[in-house]
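# Report on the structure
Spelled out, the chains give:
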Amino acid sequence: MPNAEFSPSIDSRPTYAGLVSQGAAHGIMVADDAGAEALCDLAGSDASVMDHAHVLLVGAAAGTVARIEALKPRALHGAPDLDAATPLIKRLLSEARMGTHLYLAGSEGLMGLVSALATAEGLPLDAIQMEHRGSIARRMQCVHCKGITEDVTTDPFICSHCGLTLFVRDHFSRRLGVFQGVCVDAEAPGEVPETQEIRA
Amino acid sequence: MSKLALKVTAVETLSPLVKRFRFESPTGAPLPVFSGGAHITVEMPEGEIVRRNSYSLISDPYDGSGYEIAVRREDRGRGGSRHMHTKVREGDEITVSAPANHFQLDLRARKHVLIAGGIGITPFLSQLKQLGMEQKPFELHYAARSREEAAGLKLLPGAAHIHIHISDEGARMDLGAILDGQPLGTHVYTCGPDGLITAVADQAARLGWPKTSVHSEAFTAPPPGEPFEVVVKSSGKTVTVKADQSLLEALEAAKVEIDYSCRGGACGRCETHVTACDGRILHNDHWLSEAERAEQKTIMPCMSRFKGARLELDL
Ligand code: FES
């Protein structure tokens, strides 16, 4: 599956230009199972990019891990989910030096979280390369209770923390790496529009 | 632009060429606080002309009891700094603008590297206070030719992460060594001569630093030059710019409305459209790109001058 094309929206909505090799510079690569495909393509365009790359695969299948291993990255790490990956991402960022490139690939939730961790460490957003692959599920924050619901695929959806029915907005918080969800029936409680699949 | 009528409460010689000035409110009212790297514009009336130069604030950004600046005398300048050095005394009244900032710290940075050349130390003096207050990791490198000329020495606290490089003593600044191996998320800020700013940007680029982590402020007052004339399109009026006057000052004296902030060719605020140009614009700003300069369709009146038959501005 190629880099997803999203329909044009407000400026707040992130877009993902795709990964371009920065050659033999140091790299930190974070990808999920679908995103690993983008890393393979990247290594296909320039094999040297793996020589100094720390790769972290999040929730990847065994076959995917083996494919990345075959590309001989300098180091390969794994984590079952983003929560488990977060301390490792923070450690990789804190040990990295200026000139290290950050390559993210996979779901918007993964890219949003990791880019938020990186910008909190002072890395400018334009220094982060991202390529969307796989599910278009979103990481949504409820603007009312501030709770974050992962893998949202429908609009509206139910906040997993406070139970409000939330409308999926394109408004994105770069600081938190989440889209914002707003109560859909605040004016007329119970009047909820029909549930739809989120589209790209 | 909001103005403040203040009183000069201290003048101190820091080095043969640099003086420190302190301004306070005559009523003791607190002044607006600012952020590290901010500047004020100081008015210097002399006869019928009013010169205005911008100077970085060097005092504590959170201290509203007064503003302090350090002024280097530029004998080849158009007279603003000379005026400050020879005419301004304790007890004088002085008009300044409210602080504005085009050289802020990016407070998301994990670490800040500050690089100053000569009088370019000034914006960092207020930033240091802010960094101390915010408890942010930083290192400062201050390069000067000789200890005698290094006015900043009197204003800098002694601290392990403040490094002084005096070239007369053979301690030249090694930019490669400074920038290499900094932790991811570091931002670098340079203030000083153009050569230093370019050298830092080049070195950072070689080491793969993202452009947006590299900040600079070119520290300049408008240069003097040969007198010239400009035509104001809306009124058809011809304004003469004297040798020791900037185009912006001449337009202000002629009561032409024009916006400004830095008065040093850095902020872009005074950018003016050129409607006719028969001659050559002497661009002295740091705002326009090479291509824009070559086009001669825009000018930054705070810094730039003109040589030729006719220059008409869209004002
Ligand atoms: S006033 Fe800032 S560029 Fe002219």
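The structure presented is a predicted model; accordingly, all values stated were derived computationally and were not measured.

Our next topic: the sheet that holds strand S9 (residues 162–166) of chain B. Residues and elements named next belong to chain B. Within the open sheet, the 5 strands sit side by side as S9-S8-S7-S10-S11. Their pairing is parallel. Both outer strands of the open sheet, S9 and strand S11 (214–218), are each paired with one neighbouring strand and no more. Taken over all neighbouring pairs, the strand axes of this sheet differ in orientation by 15° on average, direction set aside. As paired strands, strand S8 (residues 138–144) and S9 are joined by 5 bridges and run parallel to one another. The partner of His141 across the bridge, within S9, is His163. Where helix H2 (residues 122–134) meets the sheet, its contacts fall on strand S7 (111–117), S8, S9, strand S10 (186–192) and S11, and the angle it forms with S7 comes to roughly 160°. Sheet strands in contact with helix H4 (residues 194–206) are S7, S10 and S11, and its direction is about 160° off that of S10.

Looking now at the domain arrangement of chain B. Interfaces are often described in size by the accessible area the parts lose on coming together. If you check the domain split of chain B, you get domain 1 (3–97), domain 2 (111–218) and domain 3 (228–313). One C-alpha centre belongs to domain 2 of chain B, the other to domain 3 of chain B; they are set 32 Å apart.

Okay, the confidence of the model for chain B next. Chain-level pLDDT for chain B is 93 on average; 99% of the residues reach the 70-or-more range. Confidence estimates for the predicted assembly give a pTM of 0.86 and an ipTM of 0.81.

It is worth spelling out the state of the cysteines at this point. Residue and element names in this part refer to chain A. All chains considered together, the criterion is met by 0 disulfides over all chains. Note on Cys142: no disulfide assigned, nearest cysteine sulfur contributed by Cys162 at a separation of 3.8 Å. A relative accessible area of 1% places Cys142 in the buried class.

Time to look at the packing of aromatic side chains. Residues and elements named next belong to chain B. Enumeration over the complete set of coordinates arrives at 6 aromatic pairs over all chains. Taking 6.3 Å as the distance between ring centres and 80° as the angle between the ring planes, the aromatic pair formed by Phe103 and Tyr189 counts as edge-to-face. One end of the pair, Phe103, is in the loop between strand S6 (93–97) and S7; the other, Tyr189, is in strand S10, with 86 residues separating them in the sequence. Given a relative accessible area of 2%, Phe103 falls into the buried group. Among the aromatic side chains, those forming a connected cluster through ring pairs are Phe103, Phe124 and Tyr189.

All names here are of chain B. Structurally, Thr220 can be placed in the loop between S11 and strand S12 (228–232). Exposure remark for Thr220: the relative accessible area of 36% places this residue in the partly exposed category. In this view, Thr220 contacts Arg263, Gly264, His286 and Met303; residues no more than four positions away in its chain are not counted.

Turning to the domain arrangement of chain A, a few remarks are in order. Residues and elements named next belong to chain A. The assigned domain composition of chain A is domain 1 (27–132) and domain 2 (138–197). Each of domain 1 and domain 2 has a C-alpha centre, and the two are 28 Å apart. Sorting the residues of domain 1 by area buried against domain 2 places Glu108, Ala116 and Leu125 first, and these three jointly supply 51% of that buried surface. Along the contact surface separating domain 1 from domain 2 lie 0 salt bridges. Across the contact surface, domain 1 and domain 2 share 0 residue pairs in polar contact (both at pLDDT 80 or more).

Before going further, it helps to examine the sheet that holds strand S7 (residues 148–152) of chain A. Residue and element names in this part refer to chain A. On the basis of which strands lie adjacent, the open sheet formed by 5 strands has the order S7-S6-S11-S10-S9 and mixed pairing. If you trace the sheet from one side to the other, it starts and ends with S7 and strand S9 (157–158), each paired once. Where strand S6 (residues 138–142) meets S7, 3 bridges bridge the pair, whose relative direction is antiparallel. If you follow Met140 over to S7, its bridge partner there is Thr149.

Let us now look at the nonpolar core. Within soluble globular proteins, side chains that are nonpolar generally end up buried alongside one another. In terms of nonpolar packing, the biggest core is built from 40 residues, with Val30, Leu56, Ile89, Leu93, Leu102 and Leu104 of chain A together with Ile115 of chain B touching the most fellow members. Leaving out residues up to four positions away in the same chain, Leu56 of chain A has contacts with Met29, Val30, Ala31, His77, Gly78, Ala79, Ala85, Leu88 and Ile89 of chain A. Counting residues in each nonpolar core, the second largest holds 25 residues, with Leu131, Tyr142, Ile166 and Tyr189 of chain B among its members.

Residues and elements named next belong to chain B. Extensive coverage of S8 is indicated by the burial of 7 of its 7 residues. Of the two faces of S8, the one lined by Phe138, Leu140, Tyr142 and Ala144 and the one lined by Glu139, His141 and Ala143 are each fully buried. As paired elements, S7 and S8 share 6 bridges and run parallel to each other. Across the sheet, the residue bridging to Gly117 is Ala143, located in S8.

The next subject is the interface of chain B and chain A. Contact residues are listed per partner, giving 16 residues for chain B and 15 residues for chain A. Summing both sides of the interface, chain B and chain A together bury roughly 1,300 Å²; the carbon and sulfur share of this comes to 58%. Where chain B packs against chain A, one counts 1 salt bridge. Inspection of the chain B/chain A interface yields 8 residue pairs in polar contact (both at pLDDT 80 or more). When the residues that make up the side of chain B that touches chain A are grouped by side-chain class, the tally is 6 nonpolar, 8 polar and 2 charged.

Rules behind the numbers
Residues numbered from 1 in each chain as written. Chains lettered and ligands numbered in written order. Predicted model: local features only at pLDDT ≥ 70, side-chain atom pairs only at ≥ 80, totals over all residues. Heavy atoms only, no water. Pairing = 2+ DSSP bridges. Helix = DSSP H or I, 4+ residues; strand = E, 2+ residues; numbered from the N terminus. Axes fitted to C-alpha atoms, helices over the stretch in contact; angles between N-to-C directions. Contact = heavy atoms within 4.5 Å. Domains from an automatic or database assignment. pLDDT = per-residue confidence, 0-100. Disulfide = S-S within 2.5 Å. Buried < 20%, exposed > 50% of the residue type's maximum accessible area, 1.4 Å probe, protein only. Phe/Tyr/Trp six-rings, centres within 6.5 Å; stacked < 30°, edge-to-face > 60°. Buried area = accessible area lost by both parts, 1.4 Å probe. Salt bridge = Lys/Arg side-chain N within 4 Å of Asp/Glu carboxyl O. Polar contact = N/O pair within 3.5 Å; in protein donor to acceptor, adjacent residues only side chain to side chain. Core = buried A, V, L, I, M, F, W, Y, C linked by side-chain atoms within 4.5 Å. Nonpolar A, V, L, I, M, F, W, Y, C, P; charged D, E, K, R; others polar.

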